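# A closer look at the structure
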Amino acid sequence: SDFAFAKFAYKNIQSKKVDYSSYGLVIEPSVAAEYRTLKYVILGGGIGYRFVLRNKKHVTENFLAPLFILRVKLDFSKIYKDYFD
């Protein structure tokens, strides 16, 4: 799970000025799995959902969204151990 404190802003396209801004909390719980495919490569994937807690007084849009996670990792600790240890 990830947590973040974020600033949300709306910019007027014509005037290029910010019409409204506020702060909120973003929470992204997720589940992911990883599988070692080669000696130093790990592939992973998962799913989650984004929740945004903020003041809805001025902005009616909903910032909720599903998350799809794709991950490719190199195992640098194993590379170091095999070549430099």
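Attention here is on the structure that accompanies the text. In this text, all values refer to a predicted model and were calculated from it rather than measured experimentally.

## So, the packing of aromatic side chains
Evaluated as defined, the whole model comprises five aromatic pairs. When the ring of Tyr40 is compared with that of Tyr83, the centres are 6.3 Å apart and the planes differ by 45°; the resulting orientation is tilted. Of the two residues, Tyr40 is situated in the loop between strand E3 (30-36) and strand E4 (41-54) and Tyr83 in helix H1 (residues 76-84); the sequence distance between them amounts to 43 residues. Residue class for Tyr40 comes out buried when judged on its relative accessible area of 17%. Classification of Tyr83 by relative accessible area gives exposed; the value is 58%. When the ring of Tyr49 is compared with that of Phe51, the centres are 5.2 Å apart and the planes differ by 55°; the resulting orientation is tilted.

## What to know about the pattern of salt bridges
Summed over all chains, the structure comprises five salt bridges. Between Glu34 and Arg71 there is a salt bridge, with the nearest N and O atoms lying 3.2 Å from each other. Remark: Arg71 occurs in strand E5 (residues 65-74) and Glu34 occurs in strand E3; sequence separation between them is 37 residues. What you see here is one network of salt bridges that share partners, running through Glu34, Arg71 and Lys73.

## Notes on the environment of Ala65
Tracing the backbone shows Ala65 in strand E5. Ala65 sits in the buried class, given a relative accessible area of 18%.

## Considerations on unusual backbone geometry
The backbone of Lys16 sits at a positive phi, close to 60°, despite the residue not being glycine. As for its placement among the helices and strands, Lys16 is situated in the loop between strand E1 (2-11) and strand E2 (18-28). You can call Lys16 exposed: its relative accessible area is 58%.

About the criteria used
Residues numbered from 1 in each chain as written. Predicted model: local features only at pLDDT ≥ 70, side-chain atom pairs only at ≥ 80, totals over all residues. Heavy atoms only, no water. Phe/Tyr/Trp six-rings, centres within 6.5 Å; stacked < 30°, edge-to-face > 60°. Helix = DSSP H or I, 4+ residues; strand = E, 2+ residues; numbered from the N terminus. Buried < 20%, exposed > 50% of the residue type's maximum accessible area, 1.4 Å probe, protein only. Salt bridge = Lys/Arg side-chain N within 4 Å of Asp/Glu carboxyl O.

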